[in-house]
Amino acid sequence: MPIISVNGKKVHIQELNKGAEQTVVLIHGMFSNLSIYYFNIAPVLAKHFHVVMYDLKSHGMSERFLDGYDLENMSSDVLSLMDVLDIKKAHLAGYSFGGLIALKTALKSPDRVERLVIIEAPDPQDEKARNIIDEYSREFLEHYVANFTDTTKVQMGKRQMEKNHRMYEFLFNETTIKADMIREKHFLSEVDFSELQPSALLLYGADSNCRPTGEWLNNQISQSELLLIPGDHNIPIQEPALIAETIARFLSQPSPKNVTQNHG
């Protein structure tokens, strides 16, 4: 259970294949934790890359905070984490709101980001999409509670289940997380995508309510590739092997062409 200090904050991280030449940093979504990558996606990527996963503030085993969930703060956390781990440049992959964090980081510090993978990033302006984050976060929690502890494939006991529900309630009811997300509602419409330097892989569920955002991003980002994965907003749980293999292929090959494919 590695806990490191990043800007005076306790952050839970997991690393795989530290000796690899290239690094990919995996950013989970709001109300989940790094376990969404740890068991099925990260091991595949670790065959080729140094993989860094971390729990966002107040998530998983990272320290709790009442505020600072806006994209500016969250992207600064990513860059500070890379500094502490002495990572000069990395691929970034983010799921749901984590995809927006990855995009913000790439716009903020393009010299630090090699390539970008955006998985099911919602349009913060879409109130229905914000509700989906809550809805699927509960689904994630139920899946997580039923199958895993934070770092091992062990059935979760009642005490651990209650602990994770308390974490969820703390985030949802006691922090500024929802207000900060709402304040970011114009983020995508205000982005100058011509300033986005890294090529981007966009992974969206074929049946996801967020799919129109993926299609819109594919039109906005000149060097982008949109792939539709069978499933809805929770494709990292529904199709982890396909997602892992697709990411590994994207990060390993020359810059992708602007093309839309459907794996459904």
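Here we summarise the structure given alongside this text. Quick caveat, the model's predicted, so the values are computed rather than measured.

## Structural notes on the nonpolar core
Next up, step 1: By size, the foremost hydrophobic cluster in this structure holds 52 residues, and its most contacted members are Met 30, Tyr 54, Leu 103, Leu 116 and Tyr 204.
Next up, step 2: Here this core takes seven residues from helix 4 (residues 97-108), the largest share from any one element.

## Here we look at helix 11 (residues 240-252)
Helical periodicity: at 3.6 residues per turn, an α-helix aligns residues three or four positions apart in one direction.
Next up, step 1: Over its 13 residues, helix 11 runs 18 Å from end to end, which matches the ideal 18 Å to within 8%, given 1.5 Å per residue.
Next up, step 2: Pro 240, Ile 243, Ala 244, Thr 246, Ile 247, Ala 248, Phe 250 and Leu 251 are the residues of helix 11 that are buried.

## Description of the side chain of His 59
Next up, step 1: Examined against the element boundaries, His 59 turns out to sit in the loop between strand 4 (50-54) and helix 3 (71-84).
Next up, step 2: When its relative accessible area of 0% is taken as the criterion, His 59 is described as buried.
Next up, step 3: Of the polar contacts made by the side chain of His 59, one reaches the backbone oxygen of Lys 57; its length is 2.7 Å.
Next up, step 4: Discounting residues that sit within four places of it in the chain, His 59 has contacts with His 28, Gly 29, Met 30, Phe 31, Ser 32, Tyr 69, Met 167, Leu 171 and Ile 177.

## Some thoughts on the pattern of salt bridges
Next up, step 1: Under the defined criterion, the tally for this structure stands at 10 salt bridges.
Next up, step 2: Measuring nitrogen to oxygen at the nearest pair gives 3.2 Å for the salt bridge that ties Lys 57 to Asp 77. Here Lys 57, found in the loop between strand 4 and helix 3, pairs with Asp 77, found in helix 3; they are 20 residues apart in sequence, far enough to count as distant.
Next up, step 3: The class of Asp 77 is buried, set by a relative accessible area of 14%.
Next up, step 4: In this structure, Lys 104 and Glu 72 form a salt bridge, with 3.5 Å as the shortest nitrogen-oxygen distance. Here Lys 104 is found in helix 4, whereas its partner Glu 72 is found in helix 3, with 32 residues between them in sequence.
Next up, step 5: In this structure Lys 104 comes out as partly exposed when scored by relative accessible area, which is 21%.
Next up, step 6: By relative accessible area, which is 36% here, Glu 72 ends up partly exposed.

## Quick word on the packing of aromatic side chains
Next up, step 1: Going through the model one piece at a time under the given rule, you end up with two aromatic pairs.
Next up, step 2: Where Tyr 38 meets Phe 39, the ring centres are 5.2 Å apart and the plane angle is 80°; that geometry is what we call edge-to-face. Phe 39 matches Tyr 38 in its accessibility class, with the two residues each being buried.
Next up, step 3: A cation sits over an aromatic face here: Lys 9 above Phe 65, 5.7 Å from the ring centre.
Next up, step 4: Lying across the ring of Phe 170, Arg 64 places its NZ or CZ 4.6 Å from the centre.

## Side note on the packing of helix 3 against helix 4
Next up, step 1: It is at 9 Å that the axes of helix 3 and helix 4 come closest, and there the two elements cross at 75°. Between helix 3 and helix 4, the angle falls in the class roughly perpendicular. In this structure, helix 3 uses Leu 71, Glu 72, Met 74, Ser 75, Ser 76, Val 78 and Leu 79 to contact helix 4, whose residues at the interface are Phe 97, Leu 100, Ile 101, Lys 104, Thr 105 and Lys 108.
Next up, step 2: Looking at the contact of helix 3 with helix 4 residue by residue, the class counts come to seven nonpolar, three polar and three charged.

## A look at unusual backbone geometry
Next up, step 1: The backbone of Asn 7 sits at a positive phi, close to 55°, despite the residue not being glycine.
Next up, step 2: Among the residues examined, Asn 7 registers a relative accessible area of 57% and is labelled exposed.
Next up, step 3: Even without being a glycine, Ser 96 presents a positive backbone phi close to 55°.
Next up, step 4: In this structure, Ser 96 sits in the loop between strand 5 (90-95) and helix 4.

Cut-offs used in this document
- Residues numbered from 1 in each chain as written.
- Predicted model: local features only at pLDDT ≥ 70, side-chain atom pairs only at ≥ 80, totals over all residues.
- Heavy atoms only, no water.
- Core = buried A, V, L, I, M, F, W, Y, C linked by side-chain atoms within 4.5 Å.
- Buried < 20%, exposed > 50% of the residue type's maximum accessible area, 1.4 Å probe, protein only.
- Helix = DSSP H or I, 4+ residues; strand = E, 2+ residues; numbered from the N terminus.
- Expected span 1.5 Å × (residues − 1).
- Polar contact = N/O pair within 3.5 Å; in protein donor to acceptor, adjacent residues only side chain to side chain.
- Contact = heavy atoms within 4.5 Å.
- Salt bridge = Lys/Arg side-chain N within 4 Å of Asp/Glu carboxyl O.
- Phe/Tyr/Trp six-rings, centres within 6.5 Å; stacked < 30°, edge-to-face > 60°.
- Lys NZ or Arg CZ within 6 Å of the ring centre and 35° of its normal.
- Axes fitted to C-alpha atoms, helices over the stretch in contact; angles between N-to-C directions.
- Parallel < 35°, antiparallel > 145°, perpendicular 65-115°, else oblique.
- Nonpolar A, V, L, I, M, F, W, Y, C, P; charged D, E, K, R; others polar.

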